[in-house]
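Structural overview for review
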Amino acid sequence: MNETESVARLREALGAMAGTVRTSPDAYERALLDWRRRERRRRLTGLAVAAVLLAAADGVGLWALNRSAPAAPVVFDAPAPAVAPSGAAPSGTAPSGAAPTGTAPSAVSPPGAP
Amino acid sequence: MTQHPAPVPAAPPDVGTPAPDAGTPSARRPGLPGWGGLRDLEREAAVTALFDRHHTELVRLAVLVGAQGDAEDIASEAFCELYLRWPRLRDPAAAPAYLRSVVCNLVRMRLRHLQVVRRHPEPGLPDAGSAEQEVVLREDHREVVDALRGLPDRQREALVLRYWLDLSEAEVAATMGISCGAVKSHTARGMAALTKALKECR
């Protein structure tokens, strides 16, 4: 028996064996339910992980705010804007034309503040 | 999976055959998916069309490369994998090749699992073979199938993909995840071993 004959016999046998295989009529319904269920589970898992991460981030932030001293700034550590008495130029500002250093240009102090 | 006697050999399926309209699973598709979304509907329609065209072919492929009783489960698992990974698929035309590749991998995993189970036999394990299928096959076909089952997994996969699905060497290589040279090697060795086994049978 040469290889060409073997290939012919192999093709014939594979075709005959494949012809004995039948699929069940409800295969599509079962597969559809299965892949929908997996997709739903995948999305629920993603939502649960996102919720856990969000809750953990919230917890860490609240813990950091809670353990800090009341006077110490937690988020912004820039000094408070200088107090400018009414009618006078704010102290610590540069001569005219230069921008004030360390203070916000639009900062307005309330009257009577120290 | 149910297996019935069928005297007519099944020809290798045509990959480009359009899906029939009536009586197909897509014609009796259930309602919309619960999570909605146009993209989900498109994905489900595409996977359903692929199911219509390739499900039987994939079940047969699973049987031929070594799966017996759970070939239909393996094919269904392949479609689930495709459905989950559909958004990451670069080209929808690559889906049939992806499905074939998943089926081959799952059958290989199942055969490895069976090898481990057989090393530690437990009473009451069901026989993986199908007696009905054995009865239906002719004597000469059974000789070839027995010889094919005696081959290593890779050689059997290469022969089935090459000579039953009539894939090119490049397509077989893509399906098996190996190089074209390795496909040639597996095919040549498999055919030589098969020819030798068939000669010994005579």
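Residues numbered from 1 in each chain as written. Chains lettered and ligands numbered in written order. Predicted model: local features only at pLDDT ≥ 70, side-chain atom pairs only at ≥ 80, totals over all residues. Heavy atoms only, no water.

1. Topic: the side chain of T195 of chain B
Filter applied, for reference: Think of it this way: any DSSP run of H or I at least four residues long counts as a helix, any run of E at least two long counts as a strand, and we number them from the N terminus. Counted as a polar contact is a pair of N or O atoms within 3.5 Å, where, for protein atoms, one must be capable of donating a hydrogen and the other of accepting one, and residues adjacent in sequence contribute only when both atoms are in side chains.
By secondary structure assignment, the location of T195 of chain B is in helix α8 (residues 180-201). Of note is the side chain of T195 of chain B, whose polar atom sits 3.0 Å from the side chain of S6 of chain A.

2. As for the confidence of the model for chain B
Stated formally: A residue's pLDDT is the predictor's confidence in that residue, given on a scale from 0 to 100. Contacts are assigned to residue pairs that have any heavy atoms within 4.5 Å of one another.
Of the residues in chain B, 73% reach a pLDDT of 70 or more, and the chain-wide mean stands at 78. Counting interchain partners and residues more than four positions distant, the pLDDT-below-50 stretch residues 30-34 of chain B has ten contacts.

3. A few points about helix α2 (residues 71-85) of chain B
All names here are of chain B. Basically, it comes down to this: How far a helix is expected to stretch is found by multiplying one less than its residue total by 1.5 Å. Type-normalised accessible area, obtained with a 1.4 Å probe on protein chains alone, sets the label of each residue: buried when under 20%, exposed when over 50%, and partly exposed for intermediate values.
Look at α2: 21 Å from first C-alpha to last across 15 residues, which is about the 21 Å you get at 1.5 Å a residue. For α2, a buried count of twelve out of 15 residues is recorded, marking the element as mostly surrounded by other parts of the structure. For α2, every residue scored as buried is listed here: A71, E72, I74, A75, S76, A78, F79, C80, E81, L82, Y83 and L84.

4. Here we look at the packing of aromatic side chains
Going by this rule: Two rings belonging to Phe, Tyr or Trp (six-membered ring only in the last case) form a pair when the distance between their centres is within 6.5 Å. Interplanar angles under 30 degrees mark stacking, angles over 60 mark edge-to-face geometry, and anything in between is tilted.
All chains considered together, the criterion is met by five aromatic pairs over all chains. Note on W35 of chain A and F51 of chain B: the rings are 6.4 Å apart at their centroids and 70 degrees apart in plane angle, and the pair reads as edge-to-face. Of the two residues, W35 of chain A sits in helix α2 (residues 27-67) while F51 of chain B sits in helix α1 (residues 38-65), which places them in two different chains. Of the two residues, W35 of chain A and F51 of chain B, both sit in the buried class. Between F51 of chain B and F79 of chain B, the aromatic rings sit 4.8 Å apart at their centres with planes inclined by 50 degrees, giving tilted as the arrangement. Linking F51 of chain B in helix α1 with F79 of chain B in helix α2, this pair joins segments that are 28 residues apart in sequence. On the accessibility criterion, F51 of chain B (3% relative accessible area) is buried. Given a relative accessible area of 0%, F79 of chain B falls into the buried group.

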